[in-house]
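# What the coordinates show
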Number of protein chains: 2
Amino acid sequence: MNANAADTERDLPDIGKMLCFSIYSAGHAFNQLYRPLLADFGLTYPQYLVLVSLWSRDGRTVKELGEALFLDSSTLTPLLKRLESAGLVTRTRNRQDERQVLLNLTAEGQALKVRTAPVSKCISEVVGIDAETAQKIKVAIEAIRDAIYKRA
Amino acid sequence: MNANAADTERDLPDIGKMLCFSIYSAGHAFNQLYRPLLADFGLTYPQYLVLVSLWSRDGRTVKELGEALFLDSSTLTPLLKRLESAGLVTRTRNRQDERQVLLNLTAEGQALKVRTAPVSKCISEVVGIDAETAQKIKVAIEAIRDAIYKRA
DNA sequence: TACAATTAATTTGTGCACAATATAAATAGA
DNA sequence: TCTATTTATATTGTGCACAAATTAATTGTA
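Residues numbered from 1 in each chain as written. Chains lettered and ligands numbered in written order. Predicted model: local features only at pLDDT ≥ 70, side-chain atom pairs only at ≥ 80, totals over all residues. Heavy atoms only, no water.

In the nomenclature of an unreviewed UniProt entry, chain A corresponds to Transcriptional regulator, MarR family from the organism Rhizobium mongolense USDA 1844. Per its UniProt entry, chain A bears the Subcellular location (unreviewed entry) comment "Cytoplasm". (UniProt positions renumbered as here; feature names shortened; annotations may be inferred.)

What follows is about the interface of chain A and chain B. Facing the 52 residues of chain A at the interface are 52 residues of chain B. For the pair chain A and chain B, the summed buried area comes to about 5000 Å², and 76% of that belongs to carbon and sulfur atoms. At the boundary of chain A with chain B, the tally comes to 0 salt bridges. Here chain A and chain B share 6 residue pairs in polar contact (both at pLDDT 80 or more) between them. Counting residues per element, the ones that place at least two in the side of chain A that touches chain B are α2 (19–39), α3 (45–56), α4 (62–69), α7 (117–127) and α8 (131–151) of chain A. Looking at the side of chain A that touches chain B element by element, the count peaks at 15 residues for α2(A). When the residues that make up the side of chain A that touches chain B are grouped by side-chain class, the tally is 35 nonpolar, 8 polar and 9 charged. (Contact = heavy atoms within 4.5 Å. Buried area = accessible area lost by both parts, 1.4 Å probe. Salt bridge = Lys/Arg side-chain N within 4 Å of Asp/Glu carboxyl O. Polar contact = N/O pair within 3.5 Å; in protein donor to acceptor, adjacent residues only side chain to side chain. Helix = DSSP H or I, 4+ residues; strand = E, 2+ residues; numbered from the N terminus. Nonpolar A, V, L, I, M, F, W, Y, C, P; charged D, E, K, R; others polar.)

Turning next to the pattern of salt bridges. This structure, assessed with the given rule, holds 10 salt bridges over all chains. Two residues, A:R99 and A:D97, come together in a salt bridge whose shortest N-O distance is 2.9 Å. Of the residues examined, A:R99 reaches a relative accessible area of 71% and is grouped as exposed. A salt bridge links B:E84 to B:R91; the shortest N-O distance between them is 3.1 Å. (Buried < 20%, exposed > 50% of the residue type's maximum accessible area, 1.4 Å probe, protein only.)

Around DNA strand C, the surrounding shell holds 27 residues, and the nearest of these are B:Y24, B:S73, B:T77, B:K81 and B:R91. Atoms of DNA strand C within 4 Å of the protein belong to the sugar or the phosphate in 78% of instances, the rest to bases. Within the side chain of A:S74, one N or O atom sits 3.2 Å away from a base nitrogen of DNA strand C. At 3.3 Å, a backbone N or O of B:V62 approaches a phosphate oxygen of DNA strand C. Taken together, the elements giving at least two residues each to the surface near DNA strand C come down to α3 and α5 (73–85) of chain A together with α2 (19–39), α4 (62–69), α5 (73–85) and β1 (89–93) of chain B. For the surface near DNA strand C, a count of residues per class yields 6 nonpolar, 11 polar and 10 charged. (Near = heavy atom within 4 Å.)

As structure tokens, this is what we get:
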């Protein structure tokens, strides 16, 4: 193999060396880990993330929720309608600004905060790393995510 | 706030503290970063990952590809049909075992290996971290992914 | 050789995820 | 005030992602 071929080889993508693929595949792994646990409550993983967001701050608009989750309204609107159909959230137009839709948890939606508590405990047990290590990895991944969104 | 309330609070999920959410949102960020770059070649990010896999080992079955990408055939079959329609891969039943479908790159599919080389270069520039740091993060994420798949 | 069990791929149905577009309300400027 | 622009949601269309069920081929076993 000559020098040029070696140079070319070095730049070519290899699935085993791609950081993006590790993130992509780990995302699927988490989804599959959450799925059966959340299915007991009739929830999907993205729906659970919406509820987690609302549990810490209720009464937000779709846009604010989207900023927290890095999702836009075309993803959230149908998802929120499903949560509304399930009786977990209400969607009401803001009287002060009729463009906005305010999201509020119902009593049942609030109650899931406590009822689903064992889920997050189970997740951290399976992942099996200590809080500090997890925090370090999380910060590193967030830095990458934020770098991408800054440039793009 | 009494001790019980503090204990309860500690266990409740917070989107800002969840490692899984950083992975989930970083995955979307990568997808959005790749999208316009790959659109020039008529590819989606998952389609690109399939091609990357085949570039390093051509002639695999759907099952083998799925094991490499952590995807099952119900995801891959329609994706591979689209790549076939685009003239990038061929799908042929294995004569030795008619249950299997062998995947092979066409000349055009092979050619994309070189033509898309600038894409991965662009990605690493935007992510903007050195190879060693990226490697460390990748290994940590893979360990989490593998821990999940081992238990689930 | 029969025929049950396993395996590989496909099909079906549901739910994200997102670009592009549409709609309607609020705001800004002339 | 009138109209152009901006903003917040919703809609449409395409493509993953996966569980569950289906089909067809192979293997195991009596």
